[in-house]
Amino acid sequence: MTRQAIVTGGAAGIGAEICAALAAAGYRVGVLDRDGDAARATAARLPGAVGLTADVTDAAQVTAAFDSFGATPDLLVANAGIVRFGLLADQTPEDFRKVIEVNLVGAFITAREAVRRMLPNGGGHLIGLTSINAYGPGPGAGAYPAAKSGLLQLMRQFAVEYGGQGVRANTIAPGFIDGGMSAPIYADPKVRAIRSGGVPLGRLGTPADVAAAVLFLDSPGAGYITGQDLVVDGGVTHAVLRNLPRE
Ligand SMILES: NC(=O)c1ccc[n+]([C@@H]2O[C@H](COP(=O)([O-])OP(=O)(O)OC[C@H]3O[C@@H](n4cnc5c(N)ncnc54)[C@H](O)[C@@H]3O)[C@@H](O)[C@H]2O)c1
């Protein structure tokens, strides 16, 4: 049977690549985004996909968007995320709250909506998009590292609460990804050289690397994996001693 998937923040960047990979693998995809026109444009390029408009922080909009998908999702990819850069002493509470609201509360709202529908259907799978910032906070990353480590724990909690009812929940932590919200950062050749030089695999990651991890985690072979974080970073989070040698 066709597997049904909803991807939040699916209109652009990594989310759009995840939608494309899922559609190519035969999933029926709901491309959910606060930018409904962009969601519909992305969906129009993919076989069988539909565009869904919702801000993930608005529970009523999320419910309406899931209703309009017209099927119970087997997979939710809680991918929508934002970052507001700035040192903590300079952050406004509004910016701090907004980042927690979209990355963490928005993921809760969409995962809750998905789980309520998955339970009577025999189960399903939640995947949240965290970041290596959940392990190593980036200076100037504001609330983003706190939001992403909160999301990691949230998905683990879904895993332990609903595993017995057939729901798996995992996260994927992308590293230095050449695309999406980081595209402007890596437009600078100097930054590209420094960052890719620090990655044991010797290159930046791509949205396709992240999409491949989604397909793997949702594959039948990964069916015993739940409550886990799959770090897709070319090895950089373990490269402290490599990158800071004694001499
Ligand atoms: N690009 C990277 O380097 C990188 C690295 C690690 C983790 N991530 C994470 O991957 C995910 C995707 O990032 P990206 O780089 O593709 O970002 P992006 O900015 O390119 O795309 C994000 C998408 O989410 C949508 N969105 C934002 N807020 C929303 C809301 N409230 N409701 C619904 N949709 C909303 C946007 O309209 C956009 O289409 C995010 O969770 C991000 O934190 C990205």
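All of these numbers come straight from a predicted model, not from anything done at the bench. (Residues numbered from 1 in each chain as written. Predicted model: local features only at pLDDT ≥ 70, side-chain atom pairs only at ≥ 80, totals over all residues. Heavy atoms only, no water.)

Student: Looking at this structure, I do not really get the sheet that holds strand E7 (residues 229-232). What am I missing?
Tutor: Judged by pairing direction, the sheet is parallel, and its seven strands sit side by side in the order E3-E2-E1-E4-E5-E6-E7 without closing on themselves. At either end of the open sheet lies a strand with only one pairing partner, and these are strand E3 (50-53) and E7. When the angles between neighbouring strand axes are averaged without regard to direction, this sheet yields 20 degrees. Both strand E6 (residues 167-174) and E7 contribute to a ladder of four bridges, which runs parallel. Bridge assignment links Pro-174 to a residue of E7, and that residue is Val-232. Across the sheet, helix H3 (residues 59-69) lies against strand E1 (4-8), strand E2 (28-33), E3 and strand E4 (75-78), angled at about 160 degrees from E3, the strand it touches most. (Pairing = 2+ DSSP bridges. Helix = DSSP H or I, 4+ residues; strand = E, 2+ residues; numbered from the N terminus. Axes fitted to C-alpha atoms, helices over the stretch in contact; angles between N-to-C directions. Contact = heavy atoms within 4.5 Å.)

Student: Could you clarify how one ought to interpret helix H4 (residues 93-118) in this entry?
Tutor: An α-helical segment advances 3.6 residues per turn. Residues three or four places apart therefore align on the same side. In this model, H4 (26 residues) spans 35 Å end to end at C-alpha, consistent with the 38 Å of a helix rising 1.5 Å per residue. By the largest-angle criterion, Glu-101 marks the main kink of H4, which is about 40 degrees. Among all positions in H4, only Val-99, Val-102, Asn-103, Gly-106, Ala-107, Ile-109, Thr-110, Ala-111, Glu-113, Ala-114, Val-115 and Met-118 are buried. Where H4 is buried, its residues contact E1, H3, E4, strand E5 (124-129), helix H5 (144-162) and E6. (Expected span 1.5 Å × (residues − 1). Bend = angle between axes of the 7 residues up to and from the residue. Buried < 20%, exposed > 50% of the residue type's maximum accessible area, 1.4 Å probe, protein only.)

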